[in-house]
Amino acid sequence: MDPQVVTIYFLIAGLKLVSAQVPYHFVRIHDNIPDPDIPSNVLSGQNIDLTCKSSGKVTWKLNNMTLNEMQGLKISHHSEVNGEYQTRLEWTDVGLENSGDYSCHLLNAPTSDHYVMYVIEVIPKDVLISKNTSTATLQCTVYNWQSFRPVIWSKDGKEISSESAKFETKPAKHVDTMNKYQAATINNLIIYNATKADAGMYTCLVRFMIGTTGRLENVTRGMLLKYSEPNVTPGATSGQNPSHLPRITPLASIFTVILMYTAS
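For every chain, the first residue of the written sequence is number 1, and numbering continues from 1 onward in sequence order. For a predicted model such as this one, the threshold for reporting local features is a pLDDT of at least 70, and the threshold for listing and counting side-chain atom pairs is 80 or more; totals across whole chains, interfaces and linings nevertheless cover every residue. Only heavy atoms go into the side-chain values, all of them from the structure, while hydrogens and water stay out.

Lay out the state of the cysteines in plain terms, naming residues and giving numbers.
Criterion for a disulfide: a pair of cysteine sulfur atoms at a distance within 2.5 Å. In total, this model carries two disulfides according to the counting rule given. Here Cys52 engages in a disulfide with Cys104; their sulfurs sit 2.0 Å apart. Torsion about the S-S bond of the Cys52 and Cys104 cystine: about -90°, corresponding to left-handed handedness. Linking Cys52 in strand β3 (residues 48–54) with Cys104 in strand β8 (residues 100–106), this pair joins segments that are 52 residues apart in sequence. Classification of Cys104 by relative accessible area gives buried; the value is 0%. Note on cysteine connectivity: Cys140 is disulfide-linked to Cys204, with sulfurs 1.9 Å apart. Taking the sign of the S-S torsion, about 50° here, the bridge from Cys140 to Cys204 comes out right-handed. Of this pair, Cys140 sits in strand β11 (residues 135–143) while Cys204 is found in strand β16 (residues 200–210), placing the two residues 64 residues apart along the sequence. Cys204 matches Cys140 in its accessibility class, with the two residues each being buried. Strands here are runs of E lasting at least two residues and helices are runs of H or I lasting at least four, both read from the DSSP assignment and numbered beginning at the N terminus. Between buried and exposed lies partly exposed: a residue is buried under 20% and exposed over 50% of the maximum accessible area for its type, with that area taken using a 1.4 Å probe on protein chains only.

Encoded structure:
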């Protein structure tokens, strides 16, 4: 046999041997409860349920931070079946802080898969007013989705009329956040000449049109407009400054008694 042919033969055989010794790594994440209308999104209060199929044991991370079981978070490891492992991540009653990059990493191998989830959330903000407040602004911030129509505002269960001169709603305004997985839109309700009578429970109702089916989802959040009474010093009378009232210390009282006794 030609020496060159023998060399090529053993080279090919060696490559096959080397390739046979290199293990095959794979990691794949899929959503167990996908919503065709809002892929990779979930409403606040719902659940995130992901499964990672892999060629070996894995660890889960959120935004590159390792996840361990805690209240509301369960990570279950299934045994190997035909060379495939399954690891399930179940997170119940999720909130905005659960948005981010979920990743599944093979142990002892540089192989991983990623799945980004955005939690749709509406967060209100309480406001404190006082006698010196002229204008109060209530905020209702929508994260990770566009509201379908303007927010509906109510006070103590009664819808606020858009024609009222006392109230004004501002168009939704997009704001930048420090977290790229939390896109925010702020909706404001402005109350002019705010007084104690305006204090109470306010609600914002946000409507979402989701997906191509036109499905509507409503989210309502409540916030308090609180009134702070001016501080009144006990015993003070109108027009009199308590700091200017005469003070008698216990020691002064003793000397007063002695002087009165001597004089008598």
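Run through the sheet that holds β16, naming residues and quoting values.
The strand order across the open sheet built from five strands is β10-β17-β16-β12-β13, with neighbouring strands paired in mixed fashion. Two strands close off the open sheet at either side, each with one partner strand: β10 (127–130) and β13 (158–159). Pairing between strands requires that DSSP locate at least two bridges from one strand to the other. Strand direction decides the pairing type here: strand β12 (residues 152–155) and β13, joined by two bridges, are antiparallel. Counterpart to Ser154 in the pairing with β13 is Glu159.

Describe the packing of aromatic side chains, with residues and values.
Pairs of aromatic rings are described using the distance from one ring centre to the other and the angle between the two planes. Two aromatic rings, drawn from Phe, Tyr or Trp (for Trp, its six-membered ring), form a pair once their centres lie within 6.5 Å of each other, and the interplanar angle then sorts them: stacked below 30 degrees, edge-to-face above 60, tilted otherwise. In the structure shown here, the tally under the stated rule is two aromatic pairs. With centroids separated by 6.5 Å and ring planes inclined at 85°, the aromatic side chains of Trp91 and Tyr102 adopt a geometry described as edge-to-face. Pair noted here: Trp91 is in strand β7 (residues 84–91) and Tyr102 is in strand β8, with a separation of 11 residues, a long-range link. Note on accessibility: Trp91 and Tyr102 belong to one class, buried. On the numbers, 6.1 Å between centres and 50° between planes, the contact of Tyr118 with Tyr181 is tilted. One end of the pair, Tyr118, is in strand β9 (residues 112–125); the other, Tyr181, is in the loop between β14 (167–175) and β15 (184–192), with 63 residues separating them in the sequence. Accessibility expressed as a relative area gives 11% for Tyr181, which makes it buried.

These figures come from the coordinates and say nothing about function on their own.
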